[in-house]
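Here are the chains, one letter per residue:
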Amino acid sequence: MSDYTNSTGSANNADLAAQIGKSLQKVREQINSLATKHKRAPGDITLLAVSKTKPIEAIRAAIAAGQHAFGENYPDEAIEKIRTVHTEMGMDKSEWHFIGAIQSRKARALAQNFSWVHSVDRLKVAKKLSEHRPPDLPPLNICLQVNIDNEPTKSGVLEDELTSLAAECAALPGLQLRGLMAIPAPQENFDAQRAAFARLRTCLNDLKATHTGLDTLSMGMSGDLEAAIAEGATIVRVGTAIFGARAPKQP
Ligand SMILES: *Cc1c(COP(=O)(O)O)cnc(C)c1O
């Protein structure tokens, strides 16, 4: 996979746009064929283009290639991009999903700027998101992030605590609980990847017994797309396969 993050100048931007258009088409084709292979309707799987650390030119190119939903991890960087895109193209060309770790002091800004937050894992944050959701906007769509492998340092609610957190979040007026999200521990083995996603699917099915409107399983990234689609992903979050490798994080 080539890294085309270092674009400067308009010639390079044209290359970048062509490259992103091609990559997007490839990922869409891959999703469609995996859906068919696993007896899923391709239309039931939304591609979330994860654009964290990528420049605004990359997002413009993706929108020009028909991409609608974008995922971002860092609030300040994301909000600057969202404002630019909304100003340039209006509100309805793009939809913004927050998928990163949530600091509660950023909850207000997230509630004001995003349509979705996939990474809700505690009540304190859920309450702030609800409280600060502007009344002229529809409720904020949320997924609860589940720590599906019980990893000690990972974000996400543990399965044991999921039922009560879901009930508490469902009662908050500014939020619409849509489903669950997970980032399983990396596994090379396809069956091991599937097993983690199957556990998340089971968690969602269990919640459906007591909640309505749960239609979302946000799972699967560039490296484990097939396992996620096989187990019922409705939103796949793909960064690298669309935009190229990200620069390593600064220490
Ligand atoms: C970065 C990120 C992705 C995209 O990962 P890729 O491996 O680049 O496809 C997906 N989900 C979350 C939560 C992320 O932080």
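Residue numbering note: each chain is counted from 1, following its sequence as written. Reporting in this predicted model follows two pLDDT cut-offs: at least 70 for local features of residues, and 80 or more for side-chain atom pairs to be given and counted; totals over whole chains, interfaces and linings ignore these cut-offs and use all residues. Derived side-chain values reflect all non-hydrogen atoms in the structure, with water molecules and hydrogen atoms excluded from consideration.

### What about helix α5 (residues 123-132)?
Buried, partly exposed and exposed residues are distinguished by accessible area as a fraction of the type maximum, computed with a 1.4 Å probe on protein chains only: under 20%, between the cut-offs, and over 50%, respectively. A run of DSSP states H or I qualifies as a helix once it reaches four residues; a run of E qualifies as a strand once it reaches two. Both are numbered from the N-terminal end. Those residues of α5 not exposed but buried are Val125, Ala126, Leu129, Ser130 and His132. Contacts between residues were defined by any pair of non-hydrogen atoms, one from each residue, lying within 4.5 Å. Looking at the buried positions of α5, the neighbouring elements they touch are α4 (107-113), β4 (116-120), β5 (140-145), α6 (159-170) and β6 (175-181).

### Focus on the site of the ligand
Whether a residue is near a molecule or strand is decided by its heavy atoms; if any one of them lies within 4 Å of it, the residue is near. Around the ligand sit Val50, Lys52, Asn73, Ile99, Ile183, Met221, Ser222, Arg237, Val238, Gly239, Thr240 and Arg246, and those are all the residues in its vicinity. Within the side chain of Asn73, a nitrogen or oxygen atom sits 2.8 Å from an oxygen atom of the ligand. For this classification, the nonpolar set comprises Ala, Val, Leu, Ile, Met, Phe, Trp, Tyr, Cys and Pro, the charged set comprises Asp, Glu, Lys and Arg, and every other residue, Gly included, is treated as polar. Here the residues of the shell around the ligand are counted per class, giving five nonpolar, four polar and three charged. Polar contact is the term for a pair of N or O atoms within 3.5 Å; when the atoms are in protein, one must be able to donate a hydrogen and the other to accept it, and sequence-neighboring residues count only if both atoms are side-chain atoms.

### Looking at the packing of helix α2 (residues 56-64) against helix α3 (residues 75-89)
Relative orientation of the contacting elements α2 and α3 amounts to 45°, with a least axis distance of 11 Å. By the criterion of interaxial angle, the relationship of α2 to α3 is oblique. Of the two elements, α2 crosses α3, and the hand of that crossing is right-handed. Here Ile56, Ile59, Arg60 and Ile63 of α2 lie close against α3, whose contacting residues are Lys81, Thr84, Val85, Glu88 and Met89. Its residues assigned to classes, the contact of α2 with α3 shows five nonpolar, one polar and three charged. The angle between two axes is taken between their N-to-C directions and runs from 0 to 180 degrees, where each axis is a line fitted to C-alpha atoms and a helix contributes only its stretch in contact. Roughly parallel means an angle under 35 degrees; roughly antiparallel, over 145; roughly perpendicular, 65 to 115; everything else is oblique. Crossings are classed by handedness, with left-handed meaning an anticlockwise turn of the near helix from the far one by less than a right angle and right-handed meaning a clockwise turn.

### So, the packing of α6 against helix α7 (residues 190-208)
Running from N to C, α6 and α7 point in directions that differ by 35°, and their axes come no closer than 11 Å. Between α6 and α7 lies a crossing of right-handed hand. On α7, the residues touching Glu159, Leu162, Thr163 and Ala166 of α6 are Arg199, Cys203 and Leu207. For the contact of α6 with α7, the per-class residue count stands at four nonpolar, one polar and two charged.

### What to know about the environment of Leu207
Relative to the assigned elements, Leu207 resides in helix α7. Given the relative accessible area of 4%, Leu207 is considered buried. C-alpha of Leu207 to C-alpha of Gln19: the two residues are 188 residues apart in sequence and 41 Å apart in space. Residues in contact with Leu207, not counting those within four places in the same chain, are Leu162, Thr163, Ala166, Leu180 and Leu214.

Read these as layout, nothing more, since geometry by itself doesn't imply function.
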